[in-house]
Amino acid sequence: MATNPAEVLGLPKPAWAADEVGMLYDMAVRFMSEEIFPRYDEFEKNEIFDRESWLKAGAAGLLCASMPEKYGGSGGTFAHESAIIEAIGHVGVDGFGIGLHNSIVAPYILHYGSEEQKQMWLPKLATGELIGAIAMTEPGAGSDLQGVKTRAEKDGNHYKISGSKTFITNGQLANLIIVVTKTDPEKGAKGTSLIVVETDEVEGFQRGRNLDKIGLKANDTSELFFNDVRVPTSNLLGHEEGKGFVQLMQQLPQERLQIGTGAIAMIERALALTIDYVKERKAFGKAIIDFQNTQFKLAELKTEATIGRVFYNDCVARHIAGGLDPVTASMAKYWLSDLQGKVVDECLQLHGGYGYMNEYPIARMYRDARVQRIYGGTNEIMKLLIGRSL
Ligand SMILES: Cc1cc2nc3c(=O)[nH]c(=O)nc-3n(C[C@H](O)[C@H](O)[C@H](O)COP(=O)(O)OP(=O)(O)OC[C@H]3O[C@@H](n4cnc5c(N)ncnc54)[C@H](O)[C@@H]3O)c2cc1C
């Protein structure tokens, strides 16, 4: 797919998709089509990517596109990250965890890291030498992040970290993990701190199971265990302890918007593939698209996809200008991921039995789409946040 399927919707380019963002999108589509797509079945079967793909993505300039050039990045904005995530979605290699690495993990280090931390970690994240993860969720704390039990106890000029995390994206490959810990369990949210663990440098860190999921098979979503893991106190993000919750709240809008990016990209791909399919497939002597039901369904889906793209583009424009509020980001996450589930389900239906066969891309999209309503804060939590603002 050389051109952006958003063009299927007949939309003009948004202002933020300047020429250089468009060029990055084309390059990312080429990279994903040539380097990742041919091996994607293998990654799905192994339930993990290989490091080589990350290093290749780094060499191609697809890691840390929005980090400053002085730290090894490309000096772009979220528009550049969006172009890369859209390329992943449009080519259909959704399990490649570079979106989280680029627009969630790296920004924490850029925004809260000391100069020394930025110089130490960002260039290696940009090459793929370090693969990033963020470990918030625990077996006993998902939606209710204040219930995190992982403890970081000060011991001289070190922290001793103990606890377990689960559902962590890139969990088997990651060697730089931002861990949500309690530095002062008495203080609840105000006792929460983010601490970076470089897994190659520590003892007591163990990776648990690479979890058996229904979708996003190519991603190594895992359990992680910290048994008195000692890291220098200088691995704390931010100048003082207890700022973790505020840092998380400040970064969550971008994480939520990024889930919207994956959603709109998959919606557009599902629609483009389905329109092609119903033109080819015949029943009762005519093409499936000639049935009025098909036309009405596709008319509805295309309308909603267009509304979704316009809303998404507006969110990106606002975010780049520094004005995307957490409530609108929650709306984008919830509404676009709900729409994704609906569009993919209807598109699968229009494929008939073939839609249920794994050899058709719509089947994988159906499995991959489901989690979008769950992670990054469930859609119920998004509605809670929106409701509270009214
Ligand atoms: C594939 C995958 C990748 C993930 N990647 C990461 C990652 O990289 N890092 C990370 O830290 N976490 C990650 N997660 C975890 C994810 O963010 C959590 O699963 C999610 O936040 C929900 O938490 P939970 O699973 O504990 O569900 P629970 O909190 O137990 O929720 C169960 C149900 O109750 C509902 N519910 C809970 N509270 C309320 C409420 N107050 N009002 C109404 N309804 C409520 C929820 O909406 C949900 O429907 C990932 C999860 C998956 C599946």
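Residues numbered from 1 in each chain as written. Predicted model: local features only at pLDDT ≥ 70, side-chain atom pairs only at ≥ 80, totals over all residues. Heavy atoms only, no water.

Looking at an unreviewed UniProt entry, one finds the protein named Acyl-[acyl-carrier-protein] dehydrogenase MbtN and attributed to Mesorhizobium dulcispinae. Of the protein, the UniProt comment under Sequence similarities (unreviewed entry) reads exactly: "Belongs to the acyl-CoA dehydrogenase family." In the Cofactor (unreviewed entry) part of its UniProt record, the protein is described as follows: "FAD". (UniProt positions renumbered as here; feature names shortened; annotations may be inferred.)

Trainee: Can you walk me through the overall build of the protein in this structure?
Mentor: When its secondary structure is counted, the protein shows 11 helices and nine strands. Against the compact-globule benchmark of 21 Å for 390 residues, the protein has a radius of gyration of 21 Å, which places it among compact chains. Expressed as lengths along the three principal axes of its C-alpha atoms, the size of the protein is roughly 80 × 45 × 40 Å. Of the side-chain charges in the protein, 41 are positive and 50 negative, and the distance between the mean point of each set is 4 Å. (Helix = DSSP H or I, 4+ residues; strand = E, 2+ residues; numbered from the N terminus. Rg over C-alpha atoms; globule rule 2.2 N^0.38 Å. Lys, Arg positive; Asp, Glu negative; His and termini not counted. Charge placed at Lys NZ, Arg CZ, Asp CG, Glu CD.)

Trainee: Where do I start with helix 9 (residues 326–350) in this structure?
Mentor: It helps to recall that an α-helix has 3.6 residues per turn; residues three or four apart then point in one direction. Its 25 residues place the ends of helix 9 36 Å apart at the C-alpha level, agreeing with the 36 Å of an ideal helix rising 1.5 Å per residue. Taken from the residues just after helix 9, G352 is the one with a positive phi, measuring 60°. (Expected span 1.5 Å × (residues − 1).)

Trainee: Just to check I follow, could you spell out the site of the ligand for this structure?
Mentor: Near the ligand you find 20 residues, and of these T137, S143, F167, T378 and E380 are the closest. Interatomic distance of 2.6 Å between a side-chain N/O atom of S143 and an oxygen atom of the ligand. Measuring from an oxygen atom of the ligand, one finds a side-chain N or O atom of E380 at 2.7 Å. Compared with its free state, where it exposes 970 Å², the ligand has 64% of that area covered by protein. (Near = heavy atom within 4 Å. Polar contact = N/O pair within 3.5 Å; in protein donor to acceptor, adjacent residues only side chain to side chain. Areas by Shrake-Rupley, 256 points an atom, 1.4 Å probe, with all protein chains shown as cover.)

Trainee: Quick question: what am I supposed to make of helix 10 (residues 361–369) here?
Mentor: Among the residues making up helix 10, those that are buried are I362, A363, R364, M365, D368 and A369. Against helix 2 (40–46), helix 7 (244–280) and helix 9 lie the buried residues of helix 10. (Buried < 20%, exposed > 50% of the residue type's maximum accessible area, 1.4 Å probe, protein only. Contact = heavy atoms within 4.5 Å.)

Trainee: Help me understand the environment of D338 in this model?
Mentor: With respect to the helices and strands, D338 occurs in helix 9. Between the C-alpha atom of D338 and that of N379, which follows or precedes it by 41 residues, the distance is 8.2 Å. Apart from the residues lying within four places of it in its own chain, the contact partners of D338 are R373 and N379.

Trainee: How do you make sense of the pattern of salt bridges when you look at a structure like this?
Mentor: Between side chains of opposite charge, a pair can form when the charged atoms approach closely. All chains considered together, the criterion is met by 21 salt bridges. E240 serves as the salt-bridge partner of K243, at 3.6 Å between the closest nitrogen and oxygen. Given a relative accessible area of 36%, K243 falls into the partly exposed group. Residue class for E240 comes out partly exposed when judged on its relative accessible area of 44%. In the salt-bridge network here, residues are joined through shared partners; they are E35, E52 and K56. (Salt bridge = Lys/Arg side-chain N within 4 Å of Asp/Glu carboxyl O.)

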